[in-house]
Amino acid sequence: MIARLRFLISTFLIVLSTAVIAQNFSVTGKVVDASHTPIEFANVIILKERGGDFIKGTSTDNNGVFTLNNLESETYFINISYIGFKEFEQIIILNGNLDLKTIILNEGAETLGQIDIVATKPTITRKPDRLIFNVENTALTEGSTLGVLQNTPGIIVSEGSINIKSAPATVFINNRRVQLTSDELIQLLESAPANSIKSVEVITNPPASYDADSGSVINIIMSKNLVTGYRGSVFTNYTQGVFPRYNTGMSHYFKNNKINFNLNYSYIKQKVNRDQNDKVNFLDNNNQVDEIWTSDVNRNSWSESHNLNLNFDYYINDKNTLSFTSTGLYTPYFKYKIKNFTNISDANGNFLSSFSANNLSRDNKYNIGSDLTFRHEFDNDASLTFNGHLTVYDYKRDQSVFQDELTDEDSEFNTLANQNTKIITGKIDYNVVLGESSSFIAGIKYSNVNTDSDITRIDIVNNTEIINAANTDVFVYDENVFAAYSNFSKSWDKWDLNFGLRIEQTNIKGESLSLDESNTQDYFNWFPNASLSHKISEDFNVYGSYKRSIARPSYTDLNPFTFFLNENTVILGNPNLVPAYRDHFTIGTNFLEHFTIEAYYMNYDGNIVELPRQNNTTNIIAYTPTNLDKKVDYGFDFAFDYYPTSRWNLYFVTSMYNISEEADFGEGFVALDQWSNFSSLTNNLTMLKDNSLNLNLTLTWLGKNLQQFETMKNRLVSEFSVSKSIFKNRGTLSLSVEDLFNLQDYETSLRYLNQSSSSYWDMDNRFIKIGFRYKFGNTKLSTNERSTDAEERERIKDLN
């Protein structure tokens, strides 16, 4: 009887103790400032220990009150922070519901410097396949996303392009590809705030999970949010170049325990000027100068555009997440005016004739891309992701051209051009962590691209409109790509290994209905990648990598239409273009913390370039995309990254490289090569006691180099910028000046076989820019911002 009673009592005590241990408790409190005014949107975080794992987080309401529920009986570390105030930190022992009563946060300028975004320094991490530029909580994030890229080592931003070395870069945000054309992409990045950027990855050897045409990748990583609440910002910029430009926008972000919501909008209104001086030496049958055509060309573009980016995450439960992302560009107004005056003389400079040509175009377009993604997390550190993508693109151009000839009859014509493109993709990814130092990813992807284009030329003869059937056409393009890929990475001892393989089957059909021409391409390709690094000592490591990638022709390039800028200058498509392939090899070393030396070799098979080809019989210049037989780019890089003081950063890189290009144009074989130098020096300086004043000076030297059989002369690119935080770091004033020394414009010359020309370009890139940004709500939140993922959209191009 006693033994039975003892058993019942023991059982009761065990059950009771288990219930007590399993009971969940809460922590509450109220956060105020020194005057006892409630602080809204203060961050409240529960950690396992100081600097330990994150357990729970929230933010205070409009009364400064917070509550954290479902906490087990244990010892925790609580952190409460808000911009402009000293942090509150305390160890709490939870064995019941705990009310911390009123917590006072005190203002402190020095603490402000510790918790605000101007406190830390950008750092560089190098891996065998990429460079990681860590900018979170640095002064760089006070500007635009484009400004961060301009300061990222290895990235070149100039004249409507973003490059890594000499190769165009593909831009991703949180591993999702940005889907706009290069000009639209730069507009988007210039308007997007940088205050949520954690790091920028410059990936020279992307893993197999990236699309095969992602030869070089820039991946912008946004900070992960820990706490709930709302934040937003508004901004405006005024730029004075030859003409004024305006840019304004806003950003909103909200999170609770179930959803993340991010909305960004920007509006751009601008007038951009471009002057161009051209000289063409038309040659006789002996390649001697027959006539010299010198042209003064002025191009003005007026545009208004709206950019919208929407991101929505719904956390179904701890294992499942549903996400929707959409990015849209709408340009309701784009006017493009070209004034051309051409003087014609003989080989001795004696006047023969002249003409003027005026071209006025009006465009209307929209570009909307959306992604729907479902992600499931397994218990074994694995995940399965399903993604679907849809792009709808519509473009219209109405062009009027009048050419006034001095000795011949005048000509006048109108052109109506339309392009409608639809892109559908679907992909499945499986990702698993294998132990503590290995991971494996495998996936499949399908994409379909369908585009319908038409062009109608209407000649105006004696005030009568006549359809020019020879230059009127309809082009239908259909592309299907099937891909499968896998990638494995492992770290052990002092080694890091990464290798992968991607295979793709491509089926293409392009059909010109008016010309009754059809082009079909079917090809299967392998795209391996590998990288290996070894840490010899704390101050010395070596690495190497290899990557094979593809560059498919843009849909516009494959379109056989002839688009007339005037009677003597045309843009001509090439339906016979084939994909280009690149093999990229790299070896390098990092040593003594601040130094990097790297050698690289890139071989291009069938590189696609747009060449100006002069017809010496008809005196027509045709800009035509062409596959080169071969292009080789190799060189040596030296980089130095150093902090002379805690407030001053110096980054210097110089590259000696050689580019050679080869092609057979039918009338002869051409092989050109050129050694060149690229050097860049960046200074970042933080000033004042509260670190609220930031200065940047960047000088970039672009030596004489070869691009698409044209020789480009020396250039010096310069930029100076200053930013000042105001209103307790909620506001930022910025000022930047581009092209300080007026040496940013460039000259080109071309001379091979029966081709001879030169140009000088004034790109309206000398300007002053003034900006203001104001943040409201809980400015410590980080967004879920990303972009839609569709590599096929990169090949959408506008006529220019």
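The preceding data block contains the structure.
Fair warning: this is a prediction, and the values are worked out from it, not measured in the lab.

1. Here we look at the pairing of strand β46 (residues 755-762)
As paired strands, strand β19 (residues 259-283) and β46 are joined by 6 bridges and run antiparallel to one another. In the sheet register, Asp-278 faces β46, and the bridge partner there is Ser-759. Bridge count for strand β45 (residues 746-752) against β46 is 7 bridges, and the pairing is antiparallel. Bridge pairing in β46 places Ser-749 opposite Ser-758. Hairpin remark: β45 followed by β46, antiparallel, with 2 residues in the connecting loop; positive phi at Leu-753, about 45°.

2. Quick look at the sheet that holds strand β6 (residues 88-94)
One open sheet holds the 4 strands; their spatial order is β3-β2-β5-β6, and the pairing between them is antiparallel. Two strands lie at the open edges of the sheet, namely β3 (54-59) and β6, each paired on one side alone. Across the sheet, the mean angle separating the axes of adjacent strands is 20° when strand polarity is ignored. Pairing analysis gives 5 bridges linking strand β2 (residues 43-47) to strand β5 (residues 74-81), with the strands arranged antiparallel. Residue pairing for β5: Ile-45 is matched across the bridge by Asn-79.

3. Overview of the pattern of salt bridges
Counting across every chain of the model gives 18 salt bridges. The salt bridge partner of Arg-130 is Glu-201, with a shortest N-O separation of 3.0 Å. Of the two residues, Arg-130 is situated in strand β9 (residues 130-134) and Glu-201 in strand β15 (residues 197-203); the sequence distance between them amounts to 71 residues. Here Arg-130 falls in the buried class, since its relative accessible area comes to 17%. Take Glu-201: its relative accessible area is 12%, and that puts it in the buried class. The salt bridge involving Asp-211 is made with Lys-445; its shortest N-O contact spans 2.9 Å. Taken together, the residues Asp-211 in the loop between β15 and β16 (217-222) and Lys-445 in strand β25 (residues 438-461) connect sequence positions 234 residues apart. Each of Asp-211, Lys-445, Arg-502, Glu-504 and Arg-552 takes part in a single network of salt bridges with overlapping partners.

4. Section: a nonpolar patch on the surface
On the surface, Tyr-330, Tyr-366, Ile-368, Leu-390, Val-392 and Ile-424 cluster together into a nonpolar patch covering about 470 Å² of accessible area. When contributions to the nonpolar patch are tallied by element, the ones reaching two or more residues are β22 (351-377) and β23 (382-405). With respect to the helices and strands, Tyr-366 occurs in strand β22.

5. Looking at the environment of Asp-641
When you line up the elements, Asp-641 lands in strand β37 (residues 630-645). A residue is classified by how much of its surface remains accessible, and Asp-641, at 17% relative accessible area, is buried. The sequence separation of Asp-641 and Tyr-651 amounts to 10 residues, and the corresponding C-alpha distance is 4.5 Å. Not counting residues within four places of it along the chain, the set of residues in contact with Asp-641 comprises Ile-124, His-594, Asn-649, Leu-650 and Tyr-651.

Quick notes on the rules
Residues numbered from 1 in each chain as written. Predicted model: local features only at pLDDT ≥ 70, side-chain atom pairs only at ≥ 80, totals over all residues. Heavy atoms only, no water. Pairing = 2+ DSSP bridges. Helix = DSSP H or I, 4+ residues; strand = E, 2+ residues; numbered from the N terminus. Axes fitted to C-alpha atoms, helices over the stretch in contact; angles between N-to-C directions. Salt bridge = Lys/Arg side-chain N within 4 Å of Asp/Glu carboxyl O. Buried < 20%, exposed > 50% of the residue type's maximum accessible area, 1.4 Å probe, protein only. Patch = residues over 30% accessible without salt bridge, like charges linked within 9 Å, V, L, I, M, F, W, Y side chains within 5 Å. Areas by Shrake-Rupley, 256 points an atom, 1.4 Å probe, with all protein chains shown as cover. Contact = heavy atoms within 4.5 Å.

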